[in-house]
Amino acid sequence: QVNPVESGGGLVQAGGSLNLSCTESKRLLSAHAMGWFRQTPGKERAFVAAHSGGVAYYADSVKGRFSISRDHAKNMVFLQMNTLKPEDTAEYYCAVRDSFYHSPDPNGYGYWGQGTQVTVSS
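Below you will find a few notes about this structure.

Cut-off values and rules
- Residues numbered from 1 in each chain as written.
- Predicted model: local features only at pLDDT ≥ 70, side-chain atom pairs only at ≥ 80, totals over all residues.
- Heavy atoms only, no water.
- Helix = DSSP H or I, 4+ residues; strand = E, 2+ residues; numbered from the N terminus.
- Polar contact = N/O pair within 3.5 Å; in protein donor to acceptor, adjacent residues only side chain to side chain.
- Pairing = 2+ DSSP bridges.
- Axes fitted to C-alpha atoms, helices over the stretch in contact; angles between N-to-C directions.

### Quick look at the side chain of Asn75
Thought 1: Mapped onto the elements of the fold, Asn75 is located in the loop between β7 (66-71) and β8 (76-81).
Thought 2: One polar contact links the side chain of Asn75 to the main-chain carbonyl oxygen of Glu24, over a distance of 3.1 Å.

### Concerning the sheet that holds strand β1 (residues 4-7)
Thought 1: With respect to topology, four strands assemble into an open sheet ordered β1-β3-β8-β7, the strand pairing being antiparallel. The sheet is open, and its two borders are formed by β1 and β7, each paired with just one other strand. Direction aside, neighbouring strands of the sheet carry axes that sit 15° apart on average.
Thought 2: Of the pairings in the sheet, the one linking β1 to strand β3 (residues 18-24) comprises four bridges and is antiparallel in character. What sits directly across from Val5, in β3, is Thr23.

Laid out in structure tokens, this is it:
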């Protein structure tokens, strides 16, 4: 069973950095795309970044500030977030897709973690 678990969220001042981690208990083949999404109360879950086939994909709002990476040996994916802004405040979720190809649509991901809260103060 696929069961991603996120960690690394917290409270940080604007301009600061956080590094989120996602680990999965079951060894995944490199054919699975993995992504990060975020959600604020009353809004839909939004695409942040994805990693597939050695290629990283980003939402326009985080390009140049966030970096996604993956450690296949450890079955982990990371999201390094720099120059954080108050509008980055959200619950962040790690997701696994049953496909090699990434997708910015959260409906394309079948496995989700419980989320980790990121709060950026101004």
